[in-house]
Amino acid sequence: MNNTISPRRHILTRTLAQAIALGAGLGVISLASAQSTTGTLVGQVADHAGNTVLIQSSNGLVRQVPVDARGRYVAAQLPLGAYTVSLQQDGKTVDSRENVTLHVGAATNVSFSAPPGTTAGNAAVLSAVNVTSSALPAIDVTSVDSRTVVTADQLAKLPLGRSAEAIAQLAPGVNRNTANFTSATGQALVSFGGSAASENAYYINGFNTTDPLNAAGGLTLPYGAIDQQEVYTGGYSAQYGRSDGGVINQVGKRGSNDWHFGAQVLWEPSFARSDYTDIYYANGNPKTPVAGNLYNPKSKNELSSTTVSAYAGGPLIKDKLFFFLAGEFEREQGKSVNAVDNTSTPYQQYHYDDPRWYGKLDWNINDSNILELTGASDKRIGAGSVYNYDYTARSRGQYTRPLDNTKKGGDLYLAKYTGYLTDNLTVSAMYGEMKTHDYDGPGNYDDSLTYVGGVTNQNPALIGGVPRGNTQISSLADPARGNKTTNTRLDVSYHLGDHTISLGIDNQKAEALHQGTRNTGPGYAWVYGHTDHPDQPLVTGANGVPAPGDFANGQDGYFVQKNIDNNAVSVRSQQRAQYIEDKWQVSDRWLLSLGLRNDQFTDYNSSGQPFITQTRPQWAPRLGFSWDVNGDSSFKVFGNAGRYYLGLPLNPATGAASGYVSTQQYYTYSGIAADGTPTGLTVMSNPVSANNSFGNPPDPNTVTAKNIKAEYQDEFILGFTKTAGTHWLYGAKLTQRILRNAIDDFCDIDRVTAKAAALGYDVGSSNSCYLINPGRENTFNLLDPTGNPFSVTLSNQELGFPQLKRRYYALETFLEHPFDGTWYGRINYTFSRSYGNTEGQLRSDLLQSGASASEDWDNSVIMENTNGPQNNDHTHQVRAFGYYQFNPQWLASANLSVQSGNPRICLGYYGPDHTNPVNYGNAYHWCDGLPSPPGSHGRLPWTYRLDLGVTYRPAFAAHKLGFSANVFNVFNEQRPTFLQPNSEQQAYTPNPLYGTALYREDPRYFRLSVSYDY
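What you see is a predicted model, and the numbers here were worked out from it, not measured in a lab. (Residues numbered from 1 in each chain as written. Predicted model: local features only at pLDDT ≥ 70, side-chain atom pairs only at ≥ 80, totals over all residues. Heavy atoms only, no water.)

1. What about the overall build of the protein?
Consideration 1: Of the regular secondary structure elements, the protein holds six helices and 59 strands.
Consideration 2: The C-alpha atoms of the protein give 30 Å as radius of gyration, which agrees with the globular expectation for 1014 residues (31 Å, within 12%).
Consideration 3: When each of the 1014 residues of the protein is scored for burial, the buried share is 60%.
Consideration 4: In the protein, 73% of the contacts between residues at least 6 apart in sequence involve partners at least 24 apart.
Consideration 5: Only carbon and sulfur atoms are counted for the fraction: they give 52% of the accessible area of the protein, which is about 35900 Å².
Consideration 6: Measuring between centres, the 75 positive side-chain charges of the protein sit 5 Å from its 87 negative side-chain charges. (Helix = DSSP H or I, 4+ residues; strand = E, 2+ residues; numbered from the N terminus. Rg over C-alpha atoms; globule rule 2.2 N^0.38 Å. Buried < 20%, exposed > 50% of the residue type's maximum accessible area, 1.4 Å probe, protein only. Contact = heavy atoms within 4.5 Å. Areas by Shrake-Rupley, 256 points an atom, 1.4 Å probe, with all protein chains shown as cover. Lys, Arg positive; Asp, Glu negative; His and termini not counted. Charge placed at Lys NZ, Arg CZ, Asp CG, Glu CD.)

What follows is the structure, encoded as structure tokens:
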């Protein structure tokens, strides 16, 4: 379904109404595809009416293409903009269409038809029908994909959040991630079609800006610099890959022969923002409460923002060289009260500066060669102050320290060349580099303090009932921490009769530099705990932790952990791909898209040694069809079947492949110092680690299962789009996605070594955790005492796992009223299910955002009772949006989102006896001693959000001056979107936070703006 929510303005001075009837979509092939920066012009010409089509852009680019024997023409890979399309016969113009606007990745149909009775002798007299508001645009029958295109015109009219992800949620099947995961620059991530939020790809002008470390979002453009945003929800061309979720492709504005400039100021005042809802313990109070049942007084939070932006564009040399430059600066400031157990940062007064800029140069070297240079920057810089806070009186205390100084985001530079070498042969090449920073420097670090956590679990008898802590931060990072990505593409397209053949390469190199953190202070942290059953072991199994009651001062169940975490490395990856694709116009009504892509992934550890080498062919077929049922572009049936490979982000290379430290040692205690650190310690255990993470750098051959396969997903789509009369479009689409293979870490090494011993091997060393293909047989490499490698194969049954399962199916429907000069509207309804035993690379219910490093598949026990609807499953979704132009001065707009809640999760200790066999504490799929699969505890409530806007452009300023007001979440719905899932703190010990709404819908707020556009 080609969900192009682009209001069809009066883009043609002569309508295509008769062209539609004659064959507006007949037998023309679109070369545009996902993540492109260009559009295509196609059309049908009446017999003998002309022999060439002249295409002239508003920036001076001229192309002339022939009309073939069937009366068809195609001009591919045209830069976005406005065009004049003229039909010529013997070098003379016989008809033309002006102000034709292209859409990214789509074919725009401009056809020329002869009136009745026209013959070869008078063919120069062509029909010309003036544009009318009731004329519907032709459906793009050359596309086989599923996407939504949002234009700059819509961005200026609709009440939307100013982010790529907020725009993407206009597309069906796209939802905000339930765990509130955010990108480095603070934008809330989204899930496409039930996939994890890390399985998406981001592009700017064709360059992949996806975060290489965790795939958590990517760099995006300043809002006012977006010309069009393309949101792909399925059916991508073979030219592109590295995503089994969705694609967000932003194309920036460009200069032309006309000068344009403008500025805008936006204000979201704190006084016009409703109060946040306070958070209270939902399952009883902790042993040492700070303020009764109050967990977080969020109603005391304040937030405001001011954004200033400006742009300018025009010709440096008319018809040859053009520039466009846009800048945006947002200042976000506020006050935030954190949870009662946060002694390090109880109250913070903060500000974030978000400077963004975008620049583009376009050089028409001549009519056959174009050079484009792009630069962009997207950064977020934070600072502030930390204060004490009285949670009982709900008042701020004294200043304690500066807030950490943070600098996130980065810069992008790229160059692209396009050569129209012949009428049928087009070549393009692109190279770009992106560098991002992840600086987090403490404002006033005191290395004499030790971080203390879990203060509400301190023994109240030792502290007079008042928890003790200090202001130490939890971790330190290398100041040079960041990432670097380079992207190289070469694409060749050749039009041969009924075939358009495309082939090329798509290579990407990514580096994670100085990633990771370490403990502050002395190199460890103290975290307090409590169990209501001090006679029961805290951790059972071979490397268990005994009962605190067996040790001095532990009879009341109070204990403390000494946690050591250390990991800071640089790693890299190389991802290469080759593709070939044929768009075959089988007949005037049938188009086949036949593509094949080959992806290769290589990942390197901190020593530069490869530990994943997936360089054998990984064939990804992409097959699609489009049927122009009536032959007039009024009814399209389309389908698509494809395989999509996804390479690992770099996060796993910083963990299991590099030998990190993450250990816990347990103690009882007899006292608590004024700074919150325990005294009178009695050792309960040696250091333990659920993931065997003791810091031993592994042999690269023992990091992964032997011949590990890449993650991939199969997708199947069948749908239709149809006109309804002269004012409406409607359609429906069925989608099924099946995750066939995944990569995750496996840490039950005892199973591997036991199998090796049973086979007669003497094990010298193995890895702490292996990356495996879960749900299938895996072969593990180990070393004997002399360092010689050997292999041991374990079936999926021996590993104790179920089969890998993640399936998504959906029915999407839409009804659209294209803009007719007065109003535009669209409504989408999606029925979907996302179910199985894994969410994918992330684990939203446990807030685990490390890609392919969640606790899923770590061992067999943790995967029991996991089958059911997954965290991003929303059965029903309704999106409705549009605007009404009362007159040239006044416009009103609205955006409505309604969706059913995701599954409620209950996790706890293992089995009916509440044991802890593999040291995963309260994270097993058991609840109150009963199996607890996802979906067995009901769902969160439905959410409803209505956003409204009004714009006034007075006539006295020639409608160039604009005043706008928007209100978001009009009815101030703040329903919960995430509930704390862990039912127990320790075995048989209820968790006071279980069921607590940690995240809710954002409260109502207002935005006021004034703009001027020339």
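2. Digging into the state of the cysteines
Consideration 1: Counted by the stated rule, this structure contains two disulfides.
Consideration 2: Between the sulfur of C747 and that of C769 lies a disulfide, 2.0 Å long from S to S. Between C747 and C769, the S-S dihedral sits near 110°, and the bridge is therefore right-handed. Placement of C747 in the loop between strand 42 (744-746) and helix 5 (749-758) and of C769 in the loop between helix 5 and strand 43 (770-772) is noted, with a sequence separation of 22 residues between them.
Consideration 3: Given the relative accessible area of 1%, C769 is considered buried.
Consideration 4: Residue pairing for C906: its cysteine sulfur links by disulfide to C927, the two sulfurs lying 1.9 Å apart. (Disulfide = S-S within 2.5 Å.)

3. Quick notes on the sheet that holds strand 2 (residues 38-44)
Strands pair in a sheet through their backbones, by hydrogen bonds, and they do so in one of two ways: parallel or antiparallel.
Consideration 1: Pairing is mixed across the open sheet formed by three strands, whose spatial order is 5-2-8. The open sheet has two free edges, formed respectively by strand 5 (72-79) and strand 8 (107-109), since each of these has just one partner strand. Pairs of neighbouring strands in the sheet enclose a mean axial angle of 25°, with direction left out of account.
Consideration 2: Relative to strand 8, strand 2 is paired through three bridges, and the arrangement is parallel. Residue L41 lies in a different strand from strand 8, and its bridge partner there is T108. (Pairing = 2+ DSSP bridges. Axes fitted to C-alpha atoms, helices over the stretch in contact; angles between N-to-C directions.)

4. Brief notes about the nonpolar core
A general trend in soluble globular proteins is that nonpolar side chains are found buried together.
Consideration 1: Of all hydrophobic cores here, the largest spans 27 residues; its most connected members are L155, L160, I167 and L412.
Consideration 2: The set of elements that each furnish at least two residues to this core consists of strand 20 (321-337), strand 24 (405-420), strand 25 (425-441) and strand 49 (876-885).
Consideration 3: Those residues within four positions of L412 in sequence are excluded, and the remaining contacts are I204, F207, T209, T374, G375, A376, E433 and M434.
Consideration 4: Judged by nonpolar contacts, the second largest core, of 25 residues, contains L739, A742, F790 and L794. (Core = buried A, V, L, I, M, F, W, Y, C linked by side-chain atoms within 4.5 Å.)

5. Thoughts on the pattern of salt bridges
Charged atoms that come close allow side chains of opposite charge to pair.
Consideration 1: Applying the stated rule across the entire model yields 51 salt bridges.
Consideration 2: Among the salt bridges present, the one from D95 reaches R97, with a minimum N-O distance of 2.9 Å.
Consideration 3: In this structure D95 comes out as buried when scored by relative accessible area, which is 4%.
Consideration 4: A salt bridge links D438 to R481; the shortest N-O distance between them is 3.3 Å. Taken together, the residues span a long stretch of sequence, with D438 in strand 25 and R481 in the loop between strand 27 (475-477) and strand 28 (482-496) at a distance of 43 residues. (Salt bridge = Lys/Arg side-chain N within 4 Å of Asp/Glu carboxyl O.)

6. Considerations on the confidence of the model for the protein
Consideration 1: Per-residue confidence for the protein gives a mean pLDDT of 90; residues scoring 70 or more make up 94%.
Consideration 2: Counted against residues more than four places away or in other chains, residues 115-135, with its pLDDT under 50, gives 40 contacts. (pLDDT = per-residue confidence, 0-100.)

7. Regarding the pairing of strand 25
Consideration 1: Of the strand pairs in this sheet, strand 24 and strand 25 are connected by 16 bridges, and their pairing is antiparallel. Among the inter-strand pairings, K407 is bridged to a residue of strand 25, identified as Y439.
Consideration 2: Taking the residues that link successive antiparallel strands as the turn, the strand 24-strand 25 hairpin has four residues.
Consideration 3: Where strand 25 and strand 28 come together, 13 bridges link them in antiparallel fashion. Looking at strand 28, one finds that T436 is bridged to N483.

8. What about a nonpolar patch on the surface?
Consideration 1: Judged by side-chain polarity, W584, V586, W590, L594, L623 and W627 come together as a nonpolar surface patch covering roughly 500 Å² of accessible area.
Consideration 2: Elements with a contribution of two residues or more to the nonpolar patch: strand 32 (590-604) and strand 34 (619-628).
Consideration 3: Looking at the element boundaries, W584 is found in strand 31 (residues 558-585). (Patch = residues over 30% accessible without salt bridge, like charges linked within 9 Å, V, L, I, M, F, W, Y side chains within 5 Å.)

9. A closer look at the packing of aromatic side chains
Consideration 1: In this structure the tally under the stated criterion is 41 aromatic pairs.
Consideration 2: Looking at K562, its charged tip hangs above the ring of Y524, at a distance of 4.4 Å from the centre. (Phe/Tyr/Trp six-rings, centres within 6.5 Å; stacked < 30°, edge-to-face > 60°. Lys NZ or Arg CZ within 6 Å of the ring centre and 35° of its normal.)

10. Observations concerning unusual backbone geometry
Consideration 1: The phi dihedral of W857 falls on the positive side, at around 65°, and the residue is not glycine.
Consideration 2: With respect to the helices, strands and loops of the structure, W857 is situated in the loop between strand 47 (823-836) and strand 48 (868-869).
Consideration 3: The exposure class of W857 is buried, given its relative accessible area of 1%.
Consideration 4: Located in the positive-phi region is N919, a residue other than glycine, with phi close to 65°.
Consideration 5: Take N919: it is sitting in the loop between strand 50 (890-899) and strand 51 (926-927).

11. Overview of the sheet that holds strand 6 (residues 82-89)
Consideration 1: Strand order in this open sheet of four strands is 4-3-6-7, and the pairing throughout is antiparallel. The outermost strands of the open sheet, each flanked by one partner alone, are strand 4 (62-66) and strand 7 (92-101). Neighbour to neighbour, the strand axes of the sheet diverge by 20° on average, direction disregarded.

12. Focus: helix 5
Consideration 1: Of all the residues in helix 5, the buried ones are I749, V752 and A756. Angular distribution of buried residues about the axis of helix 5 spans 65°; they occupy a single face of the element.
Consideration 2: Downstream of helix 5 by a residue or two, G760 has a phi angle that is positive, lying close to 95°. (Arc of directions from axis to C-beta.)

13. Some thoughts on the pairing of strand 14 (residues 226-234)
Consideration 1: Most of strand 14 sits out of view: eight of its nine residues are buried.
Consideration 2: Two elements, strand 14 and strand 15 (residues 247-252), share six bridges in a ladder whose sense is antiparallel. Bridging from a neighbouring strand, V231 pairs with I248 of strand 15.

14. With respect to the environment of A376
Consideration 1: With respect to the element layout, A376 can be found in strand 22 (residues 369-390).
Consideration 2: A relative accessible area of 4% means that A376 is categorised as buried.
Consideration 3: A376 sits 411 residues away from G787 along the chain, and the two C-alpha atoms are 50 Å apart.
Consideration 4: Ignoring any residue separated from it by four or fewer positions in sequence, one finds A376 in contact with L221, W357, Y358, G410, D411 and L412.

15. Some words on the environment of S593
Consideration 1: Along the polypeptide, S593 turns up in strand 32.
Consideration 2: Those residues in contact with S593 that sit more than four places away from it in its chain are V144, E581, D582, K583, R622, L623 and G624.

16. Notes on the layout of surface pockets
Consideration 1: Estimates place the volume of the second largest pocket at around 420 Å³.
Consideration 2: Ranked by the residues each element gives to the lining of the second largest pocket, the list is headed by strand 33 (residues 610-614), at five residues.
Consideration 3: Across the lining of the second largest pocket, the residue classes tally to ten nonpolar, eight polar and three charged. (1 Å grid on protein atoms, 1.4 Å probe; cavity = no way out; pocket = protein on both sides within 12 Å on 5 of 7 lines; lining within 4 Å. Points joined across faces, edges and corners; volume = space filled by probe spheres on them. Nonpolar A, V, L, I, M, F, W, Y, C, P; charged D, E, K, R; others polar.)

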